[in-house]
Amino acid sequence: MSKVQIEHLYKRYENADEDTLKDINLAIDNEEFISIIGPSGCGKSTLLRCFAGLEKITRGKILIDGKRFDNIPPQKRRIAMVFQDYALYPHMTVYNNIAFNLKLSKLSKETIDTKVKEAAARLGLSDFLKRKPAQLSGGQRQRVALGRALVRDPKIFLMDEPLSNLDAKLRVSTRQDIIVMHQQLKTVTIYVTHDQAEAMAMSDKILLMRDGVVQQYGSPNQLYDQP
Ligand code: ADP
Ligand code: ADP
């Protein structure tokens, strides 16, 4: 459960002569599911990467529950991110892919084992724990990426076009898995997509970005009513 505020956030990449994010201001309530949509190059991934600590912000603040978040080191941020290409470790089994971040923590082997098996059961992966990513379908791989995020017990769950490599049928079922995960984790979820229908179907609020600024922010119905 966390409340997120972004205040006057700017991001300029090194060597760039323009800001990629310009004065982003945003309030996200506890447990909200936010989709970010907007044309390619408008700054959607950059905003996610700033949250994850994969990019430094240039100016402004990100606050979680009123506390400064942007100066917390990335590995302490309690954030999970799922990428478009899944970013699984190809030489590791499904089990070890899901367990990877937990193994870097101080948790006992037993606790890790329980968490991995629970996540796998929830995502229908129990029979595949010994396989390597290459022996899985695209949908199963995406579930492993979700499982790896799930076991981190994140406060903020970030997804960058996680469904774009799946076929239409799988997209619909994985969409449902993501919504269930969001509800069970009770996180703030920030979901980047280029698919407006997907954003409308999944989100509490939609953030429409254009050229590094927030063009609109509101519930799907509010946006839908706009001319
Ligand atoms: P989107 O996710 O909406 O497609 P991005 O956040 O990937 O947009 O990119 C926004 C802008 O920032 C683009 O103009 C892109 O070229 C630029 N950009 C992205 N990453 C870098 C980088 N590492 N260095 C310089 N410019 C970048
Ligand atoms: P950690 O074990 O703390 O997750 P990583 O090397 O896996 O360290 O990642 C460093 C940081 O990169 C993370 O803390 C997180 O903010 C970010 N990150 C983004 N996406 C992922 C992901 N899929 N898995 C792990 N970390 C991610």
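The structure contained in this document is the topic of the report that follows. Because the structure is a prediction, the values reported are computed rather than measured.

### Remarks on the site of ligand 1
- Every residue close to ligand 1 is listed here: Y13, T20, P39, S40, G41, C42, G43, K44, S45 and T46.
- A distance of 2.8 Å separates an oxygen atom of ligand 1 from a polar atom in the backbone of S45.
- Interatomic distance of 2.5 Å between a side-chain N/O atom of T46 and an oxygen atom of ligand 1.
- Of the residues that constitute the shell around ligand 1, the class distribution is three nonpolar, six polar and one charged.

### Things to note about the packing of aromatic side chains
- Within this structure, the stated rule accounts for two aromatic pairs.
- Centre to centre, the rings of F33 and Y191 are 5.5 Å apart; their planes meet at 45°, and the pair counts as tilted. With F33 in strand 3 (residues 33-37) and Y191 in strand 8 (residues 188-192), this residue pair connects regions lying 158 residues apart in the sequence. Judged on exposure class, the residue F33 and its partner Y191 are both buried.

### Here's the deal with the environment of I34
- On the secondary structure map, I34 appears in strand 3.
- Once the C-alpha coordinates of I34 and V188 are considered, the two residues, 154 residues apart in sequence, prove to be 7.8 Å apart.
- If near-sequence neighbours (up to four positions away) are discounted, I34 is found in contact with I28, T189, I190, Y191, K205, L207 and Y217.

### Digging into the site of ligand 2
- A52, L54, P74, Q75, M81, F83, N101, L104, R148 and R152 make up every residue found near ligand 2.
- Here an oxygen atom of ligand 2 and a backbone polar atom of P74 are 2.8 Å apart.
- When its residues are assigned to classes, the shell around ligand 2 shows six nonpolar, two polar and two charged.

### Some thoughts on the packing of helix 2 (residues 94-103) against helix 3 (residues 109-122)
- Close contact between helix 2 and helix 3 brings their axes to 10 Å; oriented N to C, the two are set at 135°. It follows that helix 2 is oblique to helix 3 by the angle criterion. Where helix 2 crosses over helix 3, the two elements pack in a sense that is right-handed. The segment helix 2 lies against helix 3, with Y95, I98, A99, L102 and K103 engaging I112, D113, K115, V116 and K117.
- Grouping the constituent residues of the contact of helix 2 with helix 3 by class yields six nonpolar, no polar and four charged.

### Notes on the environment of P162
- Within the fold, P162 resides in the loop between strand 7 (156-160) and helix 5 (168-185).
- A relative accessible area of 1% places P162 in the buried class.
- As a C-alpha pair, P162 and L146 span 16 residues in sequence and 9.4 Å in three-dimensional space.

### Some remarks on the sheet that holds strand 7
- With mixed pairing, the six strands of this open sheet are ordered in space as 6-7-8-3-9-10. For this open sheet the edge positions go to strand 6 (79-82) and strand 10 (213-218), each flanked by a neighbour on one side alone. Along the sheet, successive strands turn relative to each other by an average axial angle of 20°, direction set aside.
- Helix-sheet contacts for helix 5 involve strand 3, strand 7 and strand 8, and the interaxial angle to strand 7 is about 160°.

### Some details on the nonpolar core
- Formed by 35 residues in total, the largest nonpolar core has its most connected members in V116, L146, F157 and I178.
- Those elements that place two or more of their residues in this core are strand 6, helix 2, helix 3, helix 4 (138-150), strand 7 and helix 5.
- What F157 contacts, discounting residues up to four positions off in sequence, is A80, V82, L146, A149, M181, L185, T187, V188, T189 and I190.

Definitions and cut-offs
Residues numbered from 1 in each chain as written. Chains lettered and ligands numbered in written order. Predicted model: local features only at pLDDT ≥ 70, side-chain atom pairs only at ≥ 80, totals over all residues. Heavy atoms only, no water. Near = heavy atom within 4 Å. Polar contact = N/O pair within 3.5 Å; in protein donor to acceptor, adjacent residues only side chain to side chain. Nonpolar A, V, L, I, M, F, W, Y, C, P; charged D, E, K, R; others polar. Phe/Tyr/Trp six-rings, centres within 6.5 Å; stacked < 30°, edge-to-face > 60°. Helix = DSSP H or I, 4+ residues; strand = E, 2+ residues; numbered from the N terminus. Buried < 20%, exposed > 50% of the residue type's maximum accessible area, 1.4 Å probe, protein only. Contact = heavy atoms within 4.5 Å. Axes fitted to C-alpha atoms, helices over the stretch in contact; angles between N-to-C directions. Parallel < 35°, antiparallel > 145°, perpendicular 65-115°, else oblique. Left-handed = near helix turned anticlockwise from the far one by under 90°. Pairing = 2+ DSSP bridges. Core = buried A, V, L, I, M, F, W, Y, C linked by side-chain atoms within 4.5 Å.

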